[in-house]
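Chain by chain, the residues run as shown.
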Amino acid sequence: MHDLILRNIRLLGASDWTQTDLAITDGRFSSLDASSESAKETIDGENLLCFPGGVDLHVHFNEPGRTHWEGFATGSLSAAAGGVTFLAEMPLNSIPSTTTVEALEQKLDAIKGKSQVDFALWGGLVPGNAD
């Protein structure tokens, strides 16, 4: 049994719109065309549109070191509000810059539990760290 089924929504696919039922279990899409399936909660999605999540591969959240500019808590929340479900944070604007394994570990520790969306971290290739 699913947690939620959105019945009769319009889903944007690769080339057109599809009328379907969308099931969600544990916060994730679990079934398309769930017309014969059941859920703890059902919502009539007539006139609702479902779009793919956006991807932003170039964000500067400045964490750690410059979170007064913007950090993962506020930046990822803003991204989610705009429909972004995955982002990648650039390596060179935070203190320390993500150009070493140690800096990467420090960044991961600083943002632990703060992101509202899935994310990746770019590593900076700069003179002296090519190895």
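This text goes with the structure placed above it.
Cut-offs applied
- Residues numbered from 1 in each chain as written.
- Predicted model: local features only at pLDDT ≥ 70, side-chain atom pairs only at ≥ 80, totals over all residues.
- Heavy atoms only, no water.
- Helix = DSSP H or I, 4+ residues; strand = E, 2+ residues; numbered from the N terminus.
- Buried < 20%, exposed > 50% of the residue type's maximum accessible area, 1.4 Å probe, protein only.
- Contact = heavy atoms within 4.5 Å.

Draft legend 1. Focus on the environment of Phe119. One can find Phe119 in strand E8 (residues 118–121). A relative accessible area of 32% means that Phe119 is categorised as partly exposed. Residues Phe119 and Ser76, 43 residues apart in the sequence, show an inter-C-alpha distance of 9.0 Å. Sequence-distant contacts of Phe119, that is, excluding residues within four places in its chain, are made with Phe72, Phe86, Leu87, Leu108 and Ile111.

Draft legend 2. Unusual backbone geometry, seen in detail. Along the chain, Glu63 connects to Pro64 via a cis peptide bond; the corresponding omega equals 0°. With respect to the helices, strands and loops of the structure, Pro64 is situated in the loop between strand E6 (54–59) and helix H1 (72–81). One non-glycine residue, Asn47, lies in the positive phi region at around 75°. As for its placement among the helices and strands, Asn47 is situated in the loop between strand E4 (39–44) and strand E5 (49–50). Phi is positive for Asn62, which is not a glycine, with a value near 60°. With respect to the secondary-structure elements, Asn62 resides in the loop between E6 and H1.

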